[in-house]
Amino acid sequence: MTQPGESILIVDFGSQVTQLIARRVREAGVYSEIAPFTTAAEAFERMRPGGVILSGSPASVLDTGSPRVPDAIFESGLPVLGICYGQQVMMQQLGGSVQLGDSGEFGRAFIDIADSCVLFDGLWTEGETHQVWMSHGDKVTELAPGFRPVAASPGAPFAVIADDSRRYYAMQFHPEVVHTPDGAKLLANFVRHVCGLKGDWTMAEFRQAKIDEIRKQVGSGKVICGLSGGVDSAVAAVLIHEAIGEQLTCVFVDHGLMRSGEADQVVSLFRGHYNIPLVHVNAETLFLNGLAGVTDPEAKRKFIGKTFIDVFEAEAKKIGGAEFLAQGTLYPDVIESVSFTGGPSVTIKSHHNVGGLPERMNMKLVEPLRELFKDEVRALGRELGLPDVFVGRHPFPGPGLAIRIPGEVTKERCDILRKADAVYLDEIRNAGLYDAIWQAFAVLLPVKTVGVMGDGRTYDSVCGLRAVTSTDGMTADVYPFDASFLTRVATRIVNEVKGVNRVVYDYTSKPPGTIEWE
Ligand SMILES: Nc1ncnc2c1ncn2[C@@H]1O[C@H](COP(=O)(O)OP(=O)(O)OP(=O)(O)O)[C@@H](O)[C@H]1O
Ligand SMILES: O=c1[nH]c(=O)c2[nH+]cn([C@@H]3O[C@H](COP(=O)(O)O)[C@@H](O)[C@H]3O)c2[nH]1
Ligand SMILES: NC(=O)CC[C@H](N)C(=O)O
Ligand SMILES: [Mg+2]
């Protein structure tokens, strides 16, 4: 999709921070894709990148059967940068050695710059000491032929190593995390100065490349696009419409798990701005009947994912058949849903549109945003001229209120939660905080507590409030409301929402929490 050579392949060995490497590379103006090591050889062949970066990993190169770099990469003569496990595996495969460290280094560390290196261009010079972020137990003890050390830390004598003739570089620390303050520049030096890439990748270019790709994939076929009113599907729909025009029909599924007034709002907003056919399906009974008695979060997600597809397929039939289903799937949906079979990291939760999909699907997927992060989708939305009401909306998960009602989901509980959530968001808007917060919502707990109202005893549910800041939903911080704001919201909810007599605020960041409660 980009010009051959003008991209970077990131081989993922399962580090929790691999996606940050992709972000840093794109911030340097170079398109990048991540491929799990299991399919890296195919991705390398397809992409024809201008360089390769090897990620960290929870594995040890000393374990039998631990991941390796496909031979094609070392045989290609292209530049390679190894990070942490990536460094260790390079040494293991190219003739150096690695040993189990006796202590390891976790967290902040300092490295001494011992020699000059192209990675340090405009940044570090010999004799200086710099802060980096380490997370390793194993260490390289002998360099492969051709390499020289250029920086060292007390725990890692080969903190940065270089083989300039083959354009191979590697580091024991993680340049992709913000705790390595100069890390982004080190990565930029690799892609720009070592790989010699132009760094002119932009959203405008991405838009055009995706339009070409969609046309090629879809041909003269018909496409149904799941439209939720959220940012991702609105951007996907407008992009696909630009590519194939009348071959596209959007379908909004009202599963009865929407927020207060949302269904009407989504439909009128979209119809008011775009001349794209939109079908509004009322499927509340179907979803709520199927969710009766279901309490396990993954079971809820799997049921909802499958039922979405049933509805899309039924709607496809009504328009005379559609070969393709388009969704606004993003990279974080993918990374959090895959397990070792699809990639090296652990399944956290099955996002309804990825891990929650049924095994057998009649329609082929069109997912033009699959490699992007949320903030990049917003940038693409602006590039496509989407109004701020779409681009600036807080994300809302496809399974909706079902994953904000731990325990059994009933219409009655959905109604209670809708009211509480509406009060909370109303106060957030009144306080002018909507845009400062990445996502905010209420949850309804399956716990009843005793209260006193009007001198009478109450025995009602607890409502939890969540608000976070984030850039891409992969990590998040708690939004620090004033106590007076929270008191005001709590009072209003208990007074106005029958069925709730206590309100609590969730103070957990991500990690260790996730944003949604299920
Ligand atoms: N109610 C719905 N009707 C039709 N499609 C839906 C619905 N909810 C979700 N989807 C589909 O699932 C995809 C993923 O949902 P997700 O919530 O991640 O994205 P979004 O709703 O488009 O954006 P946002 O993350 O901002 O809410 C959507 O892009 C859309 O294609
Ligand atoms: O479309 C979606 N389908 C899902 O199944 C799903 N689960 C979580 N989310 C949204 O993803 C972001 C990260 O959420 P978590 O920290 O809870 O994983 C947050 O923005 C969540 O709202 C989903 N979106
Ligand atoms: N972060 C990493 O890549 C760690 C690599 C390897 N598991 C070690 O402990 O050294
Ligand atoms: Mg959504």
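As the structure is a computational prediction, the values presented were derived from the model and not from experiment.

Rules and cut-offs
- Residues numbered from 1 in each chain as written.
- Chains lettered and ligands numbered in written order.
- Predicted model: local features only at pLDDT ≥ 70, side-chain atom pairs only at ≥ 80, totals over all residues.
- Pairing = 2+ DSSP bridges.
- Helix = DSSP H or I, 4+ residues; strand = E, 2+ residues; numbered from the N terminus.
- Axes fitted to C-alpha atoms, helices over the stretch in contact; angles between N-to-C directions.
- Contact = placed C-beta atoms within 7 Å.
- Buried ≥ 20, exposed ≤ 12 C-beta atoms within 10 Å, placed from the backbone.
- Near = placed C-beta within 6 Å.
- Parallel < 35°, antiparallel > 145°, perpendicular 65-115°, else oblique.
- Left-handed = near helix turned anticlockwise from the far one by under 90°.
- Nonpolar A, V, L, I, M, F, W, Y, C, P; charged D, E, K, R; others polar.
- Expected span 1.5 Å × (residues − 1).
- UniProt positions renumbered as here; feature names shortened; annotations may be inferred.

This part is about the sheet that holds strand β11 (residues 248–254). Strand order across the open sheet formed by five strands is β12-β11-β10-β13-β14, with parallel pairing between neighbours. Where the open sheet ends on each side, the last strands, each with one partner, are β12 (278–282) and β14 (364–366). Strand-to-strand, the axes of this sheet are offset by a mean angle of 30°, without reference to chain direction. Across the sheet, helix α7 (residues 231–244) is in contact with β10 (223–226), β11, β13 (324–326) and β14; its angle to β10 comes to roughly 160°. Across the sheet, helix α10 (residues 297–318) is in contact with β10, β11, β12 and β13; its angle to β10 comes to roughly 145°.

Once that is clear, we can look at the sheet that holds strand β7 (residues 148–152). By definition, the strands of a sheet pair up through backbone hydrogen bonds, in either a parallel or an antiparallel sense. Strand order in the open sheet formed by nine strands is β2-β1-β3-β4-β9-β8-β7-β5-β6, with mixed pairing between adjacent strands. If you trace the sheet from one side to the other, it starts and ends with β2 (31–36) and β6 (129–142), each paired once. Recorded for the sheet is a direction-independent mean angle of 20° between the axes of neighbouring strands. Sheet analysis places strand β5 (residues 97–113) next to β6, joined by 12 bridges and oriented antiparallel. Within the sheet, the bridge partner assigned to L100 lies in β6 and is D138.

In terms of residue burial, β2 counts as a mostly covered element, since five of its six residues are buried. In this structure, strand β1 (residues 7–12) lies alongside β2, joined through six bridges in parallel fashion. Looking at the pairing, S7 lines up with Y31 of β2.

Right, let's talk about the site of ligand 3 for a bit. The environment of ligand 3 is formed by S15, G56, S57, P58, A59, S60, C84, Y85, S135, H136, G137 and D138. In terms of residues, the shell around ligand 3 owes the most to one element, β6, which gives four residues.

Interaxial distance between α7 and helix α12 (residues 374–383) falls to 10 Å at its minimum, and their mutual angle equals 40°. Between α7 and α12, the angle is such that the two are oblique. With respect to the hand of their crossing, α7 and α12 are arranged in left-handed fashion. Packed against α7, whose contacting residues are V231, D232 and V235, the element α12 presents V377, R378, L380 and G381 at the interface. Looking at the contact of α7 with α12, its residues break down into four nonpolar, one polar and two charged.

Despite not being glycine, R48 shows a phi value in the positive range, around 45°. In this structure, R48 sits in the loop between α2 (40–47) and β3 (51–54). Residue class for R48 comes out partly exposed when judged on the 15 C-beta atoms lying within 10 Å of it. With a phi close to 55°, C84 is a non-glycine residue in the positive phi region. With respect to the helices and strands, C84 occurs in the loop between β4 (80–83) and α4 (85–94).

The first and last C-alpha atoms of helix α6 (residues 203–218) sit 22 Å apart over 16 residues, in line with the 22 Å expected at 1.5 Å per residue. Against the buried residues of α6 lie β10, α7, β13, β14 and α12. Backbone geometry just after α6 places G219 at a positive phi near 60°.

Right, let's get into the UniProt feature "active site" (unreviewed entry) in the protein chain. Sites flagged by UniProt as "active site" (unreviewed entry) map to C84, H174 and E176. These annotated residues cover 93 residues of sequence, but their C-alpha atoms sit close together, with the largest distance between any two at 11.1 Å. With residues near it in sequence (within four places) discarded, C84 still touches G56, S135, H136, Q172 and H174. Tracing the backbone shows E176 in the loop between β9 (168–171) and α5 (183–194). When the 27 C-beta atoms within 10 Å are taken as the criterion, E176 is described as buried.

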